[in-house]
Amino acid sequence: MVKKVYLFIALCSVISSGCYAQKSDRPADKKANSETKALYINLKKLAAKHTLFGHQDALAYGVGWRNEEGRSDVKSVSGAYPAVYGWDMGHIELDSLKELDGVPFDQLRQFVKEAYSRGGINTFSWHTTNPIDHKSAWDTTQLIVKQIIPGGAKHELYKAYLDKVAAFLGSLKTDDGKAIPVIFRPFHEHTGTWFWWCENVSTVDEFKSMWHFTFDYLTKTKGLHNLLFSYSAADFATKEKYEERYPGDDYVDMLGFDIYCFEDLKGYQTKLDRQLSILQEVAIAHNKIPALTETGYERVPNSTWWTETLMPVLAKYNMAYVLVWRNDRPAHHYAPYPGQQSADDFKKFYADPKIIFQDKLTPLSIYKSK
Ligand code: BMA
């Protein structure tokens with residue numbers, strides 16, 4: 001108990017005196033509501049000392065279960081919910097009742113509310129089909145981006161997609177009608193070659209134009225003021241490459257990248273280290289918040305992966321959060337579940353003072369300005 005009290009005091013002092021944040025700091029959306037502003041400032045301060053742990057679809061399902069109130073594989077193993085909850089909006093653009101991995105949007109709204117009520121943070125990616133022929137996010141057979149930006153022949157179709165996104169993001173509210181802040185991470189992994197918004201199928205200018213339009217349409221035309229915008233790459237070898245498609249300081253709040261581990265653990269560590277170092281440098285230069293927006297080792301087949309592969313590299317940097325991908329089935333999961341081979345090691349990772357799960361985040365009131 002005494003230890004807990006000390007930790008609480010120490011964490012509060014991190015939030016009130018973080019070395020990164022400056023008085024003039026505020027989100028890219030100049031009209032962001034007070035909770036969103038507080039989230040931005042507090043995340044930035046927190047990142048100076050701590051890294052929040054996140055899990056995709058944490059509350060929706062896990063290995064061997066779906067739809068069980070209050071359940072989370074991360075909680076079953078560590079005793080605590082993750083601090084960051086990753087979700088996806090793919091298929092909202094199709095008026096589907098469920099997102100692309102089968103989670104009903106109505107349920108998603110509840111999960112977001114639940115996470116927020118605990119003081120947790122929600123982030124949304126958008127594996128969107130393309131607005132022209134509605135083929136999957138992974139369809140790269142046409143040049144889509146140049147057709148949907150302002151001036152493009154299919155621009156109106158993209159606006160219709162964004163209308164649906166805006167309606168969904170605008171529906172994320174508390175019971176008393178207050179907008180819930182979320183981190184919106186569109187067009188992720190753009191330095192890859194697999195999504196219709198990636199660099200092999202759009203020019204730098206087209207990509208930036210799509211980003212600028214998306215930001216302005218959601219914040220100005222639709223009047224959403226509960227969003228932090230996250231720019232998130234896949235692989236990149238240099239700072240120049242990372243910044244190539246950066247839409248500008250007025251359009252971005254957070255910077256990140258997605259990277260996955262395969263059998264070559266050392267190779268993963270080397271690349272992770274190099275990219276985190278670049279990310280941190282860019283974040284400081286632009287005064288933005290850095291995060292490891294997606295990572296993981298499918299099935300976590302290495303029993304000490306958390307403390308011996310991920311943590312030694314992560315610990316060197318000031319990332320606001322690290323998020324691992326979803327726990328779908330025995331062959332496709334990135335967090336442990338009880339009995340999974342990395343479960344004991346995950347408990348040690350949970351206990352690392354640098355890492356914060358929901359239990360340590362809740363008392364910090366990340367949505368309140370200090
Ligand atoms: C991928 C896999 C897919 C999933 C997609 C979007 O990495 O997990 O099964 O559909 O993400 O969540």
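Residues numbered from 1 in each chain as written. Predicted model: local features only at pLDDT ≥ 70, side-chain atom pairs only at ≥ 80, totals over all residues. Heavy atoms only, no water.

Engineer: Please give an account of the environment of Q110 that cites residues and values.
Structural biologist: Among the secondary structure elements, Q110 is positioned in helix α4 (residues 105-117). Sequence spacing of Q110 and K173 is 63 residues, and the spatial spacing of their C-alpha atoms is 9.4 Å. (Helix = DSSP H or I, 4+ residues; strand = E, 2+ residues; numbered from the N terminus.)

Engineer: Before we move on, could you go through the site of the ligand and cite the residues and values that matter?
Structural biologist: Around the ligand, the neighbouring residues are L100, D101, H127, W138, W325, R326 and H332. R326 places a side-chain nitrogen or oxygen 2.8 Å from an oxygen atom of the ligand. Within the side chain of H332, one N or O atom sits 2.6 Å away from an oxygen atom of the ligand. When each cavity is represented as a set of grid points, the ligand is found to reside in the largest pocket. Residue classes in the shell around the ligand are distributed as 3 nonpolar, 2 polar and 2 charged. (Near = heavy atom within 4 Å. Polar contact = N/O pair within 3.5 Å; in protein donor to acceptor, adjacent residues only side chain to side chain. 1 Å grid on protein atoms, 1.4 Å probe; cavity = no way out; pocket = protein on both sides within 12 Å on 5 of 7 lines; lining within 4 Å. Sits in = over half its atoms within 2 Å of the grid points. Nonpolar A, V, L, I, M, F, W, Y, C, P; charged D, E, K, R; others polar.)

Engineer: Would you mind going over the layout of surface pockets in detail, with residue names and values included?
Structural biologist: Taken as a whole, the largest pocket spans an internal volume of roughly 480 Å³. Along the wall of the largest pocket there are 23 residues; nearest its centre are E189, W194, Y260, E294 and W325. Grouping the amino acids of the lining of the largest pocket by side-chain chemistry returns 11 nonpolar, 3 polar and 9 charged. (Points joined across faces, edges and corners; volume = space filled by probe spheres on them.)

Engineer: Outline empty space enclosed by the protein, listing residues and values.
Structural biologist: All chains considered together, the criterion is met by 1 cavity of 30 Å³ or more. Along the walls of the largest cavity sit Q56, W87, T123, F124, S125, R185, T293, Y321, L323 and W325, which together make up its complete lining. At the level of secondary structure, the elements contributing two or more residues to the lining of the largest cavity comprise β5 (121-125) and β10 (321-324). Residue composition of the lining of the largest cavity, by class: 5 nonpolar, 4 polar and 1 charged.

Engineer: Could you give me a rundown of the nonpolar core, with the residues and numbers involved?
Structural biologist: Across soluble globular proteins, nonpolar side chains show a tendency to be buried alongside one another. Counting residues in each nonpolar core, the largest one holds 117 residues, and the members touching the most others are L43, L52, F53, I121, L169, M210 and L218. Sequence-distant contacts of L52, defined by excluding residues within four places in its chain, comprise L43, L46, A83, V84, I121, A320, Y321, V322, I356 and L361. (Core = buried A, V, L, I, M, F, W, Y, C linked by side-chain atoms within 4.5 Å. Buried < 20%, exposed > 50% of the residue type's maximum accessible area, 1.4 Å probe, protein only. Contact = heavy atoms within 4.5 Å.)

Engineer: I'd like to hear about the pattern of salt bridges, residue by residue, with values.
Structural biologist: For the structure shown, the criterion picks out 21 salt bridges. With a closest N to O distance of 3.1 Å, R185 and D258 form a salt bridge. Placement of the pair is R185 in strand β6 (residues 182-185) and D258 in strand β8 (residues 254-258), with a sequence separation of 73 residues. The same class applies to R185 and to D258, which are both buried. Counted as one network, the salt bridges with shared partners bring together D101, R326, D328 and R329. (Salt bridge = Lys/Arg side-chain N within 4 Å of Asp/Glu carboxyl O.)

Engineer: Tell me about the packing of aromatic side chains, and please be specific about residues and values.
Structural biologist: Under the definition given, this model contains 38 aromatic pairs. An angle of 70° between the planes, with centres 5.9 Å apart, marks the rings of F184 and F229 as edge-to-face. Residue F184 is located in strand β6, and its partner F229 is located in strand β7 (residues 227-233); the two are separated by 45 residues in the primary sequence. Of the two residues examined, F184 and F229, each falls in the buried class. (Phe/Tyr/Trp six-rings, centres within 6.5 Å; stacked < 30°, edge-to-face > 60°.)

Engineer: Break down the side chain of N122 for me, citing the residues and quoting the values.
Structural biologist: Examined against the element boundaries, N122 turns out to sit in strand β5. Engagement of the side chain of N122 in a polar contact is seen with the side chain of W87, the distance being 2.8 Å. Within the structure, the side chain of N122 is placed 3.2 Å from the backbone oxygen of V112, a separation counted as a polar contact. Ignoring sequence-local partners within four residues, the contact set of N122 consists of Y85, W87, F111, V112, A115, Y116, I180, V182, I183 and Y367.

Engineer: Can you tell me about unusual backbone geometry, naming the residues and giving the values?
Structural biologist: Phi at H134 takes a positive value of approximately 60°, unusual for a residue other than glycine. Its place among the elements puts H134 in the loop between β5 and α5 (145-148). The class of H134 is partly exposed, set by a relative accessible area of 44%. Unusually for a residue other than glycine, V300 sits at a positive phi of about 30°.

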